[in-house]
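Structure at a glance
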Amino acid sequence: MGRPQKPSSCRADCSPSGRLKRWAAQDPARQQRCAITFGLAGHAWNDELALSRYELLWEVGLIPESCTQAEPERVTGLSMQHDYRHVLATALSRIRAKIRYTSIVFDLLPRYFTLLHLQQAMEALAGRPMHKQNFRRLVLQQGLLEETEQMDFSGPGRPARLYAADNQGQDNCYLAGAKSPLPDLVW
């Protein structure tokens, strides 16, 4: 007989984005807050606002820890113990701000690494993809790295050159330009 269908009134509006829209619908201040926090309605996406997004989703009731046991269908994802999700959102916001003007990413990498490993670390921290050639050009032009004679033979294809962080170049670290823009989000 198949899966039971959601009521027609719920089909379009029960998604997290639908519930967020309903929450903000009648209040211009809430609409403005959503637009700024999620980069909607002409506002630029700001990856440093992870904590603000978390707090807004908590307020709306879309975070598992913000709902009672009686309403598990209202949330997406799994619950985290204590306030770990808040701690994680705070850490993400802070590290995303720091990777723009410090060399903190090199503290998370082994002593020798490939440009691909560096880019993957930056993408993981920033939460978004970066244009490969632009990223490499930016990093190499800033003098942030020392090229070694060593190669990484672990991947398929041609071996990759290994690099090490250049401690003198890290004082002028600026990686904010390494991000490629995301497509416009629709509110």
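Refer to the structure printed above.
Residues numbered from 1 in each chain as written. Predicted model: local features only at pLDDT ≥ 70, side-chain atom pairs only at ≥ 80, totals over all residues. Heavy atoms only, no water.

1. So, the overall build of the chain
Which entries qualify depends on this criterion: In DSSP terms, a helix is any run of H or I states spanning at least four residues, a strand is any run of E spanning at least two, and both are numbered starting from the N terminus. Contacts between residues were defined by any pair of non-hydrogen atoms, one from each residue, lying within 4.5 Å. All accessible-area figures derive from a Shrake-Rupley calculation using a 1.4 Å probe, and residue coverage is judged against the displayed protein chains alone.
Secondary structure assignment for the chain yields eight helices and two strands. Secondary structure elements of the chain occur, N-terminal to C-terminal, as α-α-α-α-α-α-α-α-β-β. Taking contacts inside the chain between residues at least 6 apart in sequence as the whole, the part at least 24 apart equals 50%. If you sum the accessible surface of the chain, you get close to 12100 Å²; carbon and sulfur atoms cover 54% of it.

2. Quick notes on the environment of Val 105
In this fold, Val 105 is placed in helix α6 (residues 104–107). Each C-alpha atom of the pair Val 105 and Ile 95 lies 9.0 Å from the other, and the pair is ten residues apart in sequence.

3. What about the layout of surface pockets?
Going by this rule: Think of a 1 Å grid over just the protein atoms. A cavity is a set of points where a 1.4 Å probe fits yet cannot get out, a pocket is an open set with protein on both sides within 12 Å along at least five of seven lines, and lining residues have an atom within 4 Å of a point. Grid points are joined across faces, edges and corners, and a volume is the space filled by probe spheres set on the points.
Its volume calculated, the largest pocket comes out at about 390 Å³. As for the largest pocket, its lining consists of 15 residues, and the residues nearest its centre are Leu 116, Arg 136, Arg 158, Pro 159 and Ala 160. Counting residues per element, the ones that place at least two in the lining of the largest pocket are α7 (115–126), α8 (132–141) and β2 (160–165).

4. What about the packing of helix α3 (residues 28–38) against helix α4 (residues 50–60)?
Applicable threshold: The convention used is that axes are lines fitted to C-alpha atoms, helices contributing only their stretch in contact, and that angles between N-to-C directions extend from 0 to 180 degrees. Roughly parallel covers angles under 35 degrees, roughly antiparallel covers those over 145, roughly perpendicular covers 65 to 115, and oblique covers all other angles. Definitions for this section: a left-handed crossing has its near helix turned counterclockwise from the far helix by less than a right angle. A right-handed crossing has that turn clockwise. In this classification, the charged set is Asp, Glu, Lys and Arg, the nonpolar set is Ala, Val, Leu, Ile, Met, Phe, Trp, Tyr, Cys and Pro, and all remaining amino acids, among them Gly, are polar.
With their axes 9 Å apart at the nearest point, α3 and α4 run at an angle of 140° to one another. In terms of axis orientation, α3 runs oblique to α4. Classified by chirality, the crossing of α4 by α3 is left-handed. Contacts from Arg 33, Cys 34, Thr 37 and Phe 38 in α3 reach Ser 52, Arg 53, Glu 55, Leu 56, Leu 57 and Glu 59 in α4. Residue composition of the contact of α3 with α4, by class: four nonpolar, two polar and four charged.

5. Topic: α7
As a reminder, the rule being used: Helix span, expected: 1.5 Å multiplied by one less than the number of residues in the helix. A 1.4 Å probe rolled over the protein chains alone gives each residue an accessible area, and that area as a share of the maximum for its type sets the label: buried under 20%, exposed over 50%, partly exposed in between. Within this analysis, the arc is defined by the directions that extend from the helix axis to the C-beta atoms.
The terminal C-alpha atoms of α7, which comprises twelve residues, lie 16 Å apart, in line with the 16 Å expected from a rise of 1.5 Å per residue. Within α7, the full set of buried residues consists of Leu 115, Leu 118, Gln 119, Ala 121, Met 122, Leu 125 and Ala 126. Looking down the long axis of α7, one finds its buried residues gathered within 160° of arc, a one-sided arrangement. Following α7 by one or two positions, Gly 127 has its phi on the positive side, about 75°.

6. Quick look at the pattern of salt bridges
Cut-off, in case you're wondering: Salt bridge, as used here, is a side-chain nitrogen of Lys or Arg placed within 4 Å of a carboxyl oxygen of Asp or Glu.
With the rule as written, the count across this model stands at three salt bridges. A salt bridge links Arg 30 to Asp 27; the shortest N-O distance between them is 3.9 Å. The class for Asp 27 is partly exposed, based on a relative accessible area of 30%. In this structure, the salt-bridge partner of Arg 161 is Glu 147, at a minimum N-O distance of 3.5 Å. Residue Arg 161 is located in strand β2, and its partner Glu 147 is located in strand β1 (residues 145–152); the two are separated by 14 residues in the primary sequence. Residue classification places Glu 147 among the exposed residues on the basis of a relative accessible area of 53%.

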